[in-house]
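Chains, contacts and geometry: an overview
Here is how the chains run, residue by residue.
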Amino acid sequence: EREAEQYRKNTTDGVTGLYGFRAGLEYLEECRKERPEGVMLSLYLDRLKESDEKNGIVFGDMILEEIGGIIREDCRTLTEKTGCRTVALRLNRDEIALWLEDQSGEQGKAFVLGLLEKAGAEFGEETFALRIRAGLALGKQKQSGERLIRMAKLAWNSVPAGAKRQYMSYEDISEKDRTDL
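Now for a quick tour of the structure. Small disclaimer: the values here were computed from a predicted structure and weren't measured.

Let us look at the overall build of the protein. The number of helices and strands found in the protein is 7 helices and 5 strands. Secondary structure elements in the protein, listed N-terminal to C-terminal, are α-α-β-α-α-β-β-α-α-β-α-β. Classification of the 181 residues of the protein by burial places 47% in the buried group. Considering only contacts in the protein between residues 6 or more positions apart, those separated by 24 or more positions represent 72%.

Attention now moves to the packing of aromatic side chains. Within the structure shown, the criterion is met by 2 aromatic pairs. Centre to centre, the rings of Tyr44 and Trp156 are 4.2 Å apart; their planes meet at 5°, and the pair counts as stacked. Residue Tyr44 is located in strand E1 (residues 38-46), and its partner Trp156 is located in helix H7 (residues 145-157); the two are separated by 112 residues in the primary sequence. Pair check on accessibility: Tyr44 and Trp156 agree, each one buried.

On to the nonpolar core. What tends to happen in soluble globular proteins is that the nonpolar side chains get buried as a cluster. Formed by 26 residues in total, the largest nonpolar core has its most connected members in Leu41, Leu43, Ile71, Leu98, Phe111 and Val112. Contributing elements (two or more residues each) for this core: E1, helix H4 (57-82), strand E3 (95-101), helix H5 (105-122) and strand E4 (131-139). For this core, the element with the most residues is H4, which contributes 7 residues. The contact partners of Phe111, leaving out residues within four places of it in the chain, are Leu41, Asp74, Cys75, Leu78, Leu98 and Leu100. By size, the runner-up hydrophobic cluster in this structure holds 20 residues, among which are Leu28, Leu89, Ala137 and Tyr170.

In this structure, the second largest pocket occupies an estimated 210 Å³ of space. Thr12, Gly17, Leu18, Tyr19, Tyr27, Ile71, Arg72, Cys75, Thr86, Val87 and Ala88 are the residues that line the second largest pocket. Of all the elements in the fold, those that place two or more residues in the lining of the second largest pocket are H4 and strand E2 (86-92). Across the lining of the second largest pocket, the residue classes break down as 7 nonpolar, 3 polar and 1 charged.

What follows covers empty space enclosed by the protein. Applying the stated rule across the entire model yields 1 cavity of 30 Å³ or more. Looking at the largest cavity, its volume works out to about 60 Å³. For the largest cavity, the full set of lining residues is Leu43, Ile67, Ile70, Ile71, Leu115, Leu116, Ala119 and Ile132. Of all the elements in the fold, those that place two or more residues in the lining of the largest cavity are H4 and H5. Here the lining of the largest cavity is composed, by residue class, of 8 nonpolar, no polar and no charged.

In spatial order, the strands read E2-E3-E1-E4-E5; together these 5 strands make up an open sheet with mixed pairing. The open sheet terminates on both sides in strands that have one partner only, identified here as E2 and strand E5 (167-169). Each neighbouring strand pair of the sheet contributes to a mean axis angle of 15°, computed without reference to strand direction. In terms of strand pairing, E1 meets E3 through 7 bridges, oriented antiparallel. Following the sheet pairing, Leu43 is matched in E3 by Ile96. Packing of helix H2 (residues 21-34) onto the sheet brings it into contact with E1, E2, E3 and E4, and relative to E2 it is tilted by some 150°. Those strands touched by H7 are E1, E2, E3, E4 and E5, and its axis lies near 135° from that of E4.

Moving on, we get to the state of the cysteines. By definition, a disulfide links two cysteine residues through a covalent bond between their sulfur atoms. What the rule picks out here adds up to 0 disulfides. We note that Cys75 lacks a disulfide partner, and the nearest cysteine sulfur, in Cys84, lies 8.7 Å from it.

Definitions and cut-offs
Residues numbered from 1 in each chain as written. Predicted model: local features only at pLDDT ≥ 70, side-chain atom pairs only at ≥ 80, totals over all residues. Heavy atoms only, no water. Helix = DSSP H or I, 4+ residues; strand = E, 2+ residues; numbered from the N terminus. Buried < 20%, exposed > 50% of the residue type's maximum accessible area, 1.4 Å probe, protein only. Contact = heavy atoms within 4.5 Å. Phe/Tyr/Trp six-rings, centres within 6.5 Å; stacked < 30°, edge-to-face > 60°. Core = buried A, V, L, I, M, F, W, Y, C linked by side-chain atoms within 4.5 Å. 1 Å grid on protein atoms, 1.4 Å probe; cavity = no way out; pocket = protein on both sides within 12 Å on 5 of 7 lines; lining within 4 Å. Points joined across faces, edges and corners; volume = space filled by probe spheres on them. Nonpolar A, V, L, I, M, F, W, Y, C, P; charged D, E, K, R; others polar. Pairing = 2+ DSSP bridges. Axes fitted to C-alpha atoms, helices over the stretch in contact; angles between N-to-C directions. Disulfide = S-S within 2.5 Å.

By themselves, these are just geometric observations and shouldn't be taken as functional.
What follows is the structure, given as structure tokens:
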């Protein structure tokens, strides 16, 4: 029991309850060895740093804790419905990556829209000055998990400022705008 608790502490981010970076990448690669197809999502919590500076880091941690809870619940629901595995890991202070095994691009978009809607209801941009941008990338056999994360990050980074739709798919980025990852 103690060993299990220590393992959880070593692999889990203490604020979000998601996998920590290194442990999450290891589990992601393990999952993808068996079933490499799916969708990688990268979420960017835009203006979280400004919110921390304005309201204090504890306030930012409360936002991260709530967002982590929404992600864990949605991942658990998806796994129960489809039997597919999900991997959610915290990349850094304001970025989170999610792997949705065996999901199509359309299923990934539906998943991310649900997350954005729930987070938006919880943390309205007017009150919390927080906006979440999301990028999606389709996973294929020969791509590493790290490459998929970079592809999804490029996608959210390509969302135009002030755009109504706060997500983009890597596959929707023109070839000339895709950087060498």
